[in-house]
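Fold and contact review
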Amino acid sequence: MAFLREAVEKQKAYLIQQLVANGIVDKDDQDLYNKPISEIVHDYEQFCLEFEKQSAMKFTRFNPKKDKEEPGLH
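So, here is what we can say about the structure in this document. (Residues numbered from 1 in each chain as written. Predicted model: local features only at pLDDT ≥ 70, side-chain atom pairs only at ≥ 80, totals over all residues. Heavy atoms only, no water.)

**Regarding the overall build of the protein**
Tallying secondary structure elements over the protein gives three helices and zero strands in all. Across the protein, helices and strands are ordered from the amino to the carboxyl terminus as α-α-α. Among the 74 residues that make up the protein, the fraction classed as buried is 11%. Working note: accessible area of the protein is about 7,200 Å², and carbon and sulfur atoms make up 54% of it. (Helix = DSSP H or I, 4+ residues; strand = E, 2+ residues; numbered from the N terminus. Buried < 20%, exposed > 50% of the residue type's maximum accessible area, 1.4 Å probe, protein only. Areas by Shrake-Rupley, 256 points an atom, 1.4 Å probe, with all protein chains shown as cover.)

**Some words on the packing of aromatic side chains**
Under the criterion given, the structure shown has two aromatic pairs. What links up through ring pairs into an aromatic cluster is the set Tyr 44, Phe 47 and Phe 51. (Phe/Tyr/Trp six-rings, centres within 6.5 Å; stacked < 30°, edge-to-face > 60°.)

**Quick look at a nonpolar patch on the surface**
Together, Met 1, Phe 3 and Leu 4 line one region of the surface with nonpolar side chains, adding up to about 400 Å² of accessible area. You can see Phe 3 is positioned in helix H1 (residues 2–21). Relative accessible area serves as the criterion here: at 60%, Phe 3 is assigned to the exposed category. (Patch = residues over 30% accessible without salt bridge, like charges linked within 9 Å, V, L, I, M, F, W, Y side chains within 5 Å. Salt bridge = Lys/Arg side-chain N within 4 Å of Asp/Glu carboxyl O.)

**Regarding the pattern of salt bridges**
It is possible for side chains bearing opposite charge to pair when their charged atoms get close. Counted under the stated rule, the structure contains two salt bridges. Glu 6 is paired through a salt bridge with Lys 10; the nearest N and O atoms lie 3.5 Å apart. Of this pair, Glu 6 and Lys 10 both sit in helix H1, four residues apart, which is roughly one turn of that helix. Given the relative accessible area of 56%, Lys 10 is considered exposed. For Asp 43, the salt bridge is made with Lys 35, and the minimal N-O distance between the two is 2.8 Å.

**Concerning the nonpolar core**
Ranked by size, the top nonpolar core spans seven residues in total: Leu 15, Ile 16, Leu 19, Val 25, Leu 32, Ile 40 and Phe 47. The set of elements that each furnish at least two residues to this core consists of H1 and helix H3 (37–54). Per-element tally for this core: the top contributor is H1, with three residues. (Core = buried A, V, L, I, M, F, W, Y, C linked by side-chain atoms within 4.5 Å.)

**A word on the environment of Ala 13**
Along the chain, Ala 13 falls in helix H1. Under the relative-accessibility criterion, Ala 13 is labelled partly exposed at 45%. Put simply, Ala 13 and Ile 37 are 24 residues apart on the chain and 9.6 Å apart in space, counted from C-alpha to C-alpha.

What follows is the structure, given as structure tokens:
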């Protein structure tokens, strides 16, 4: 099961690297390295959701809601 532990540690290191690179956490924060992976994943998901909100593309196309269905040609 050592390969599983190694995979979790690699995932943890990657997520921490991403959080540090985006300025979400300080790289000198030693508590971050002691957190379980579930908390780090949660922090990363929150970052992704906030990033998506900020950079979401807004479409301006008008799409009215139709109240009744119109018969179409087949």
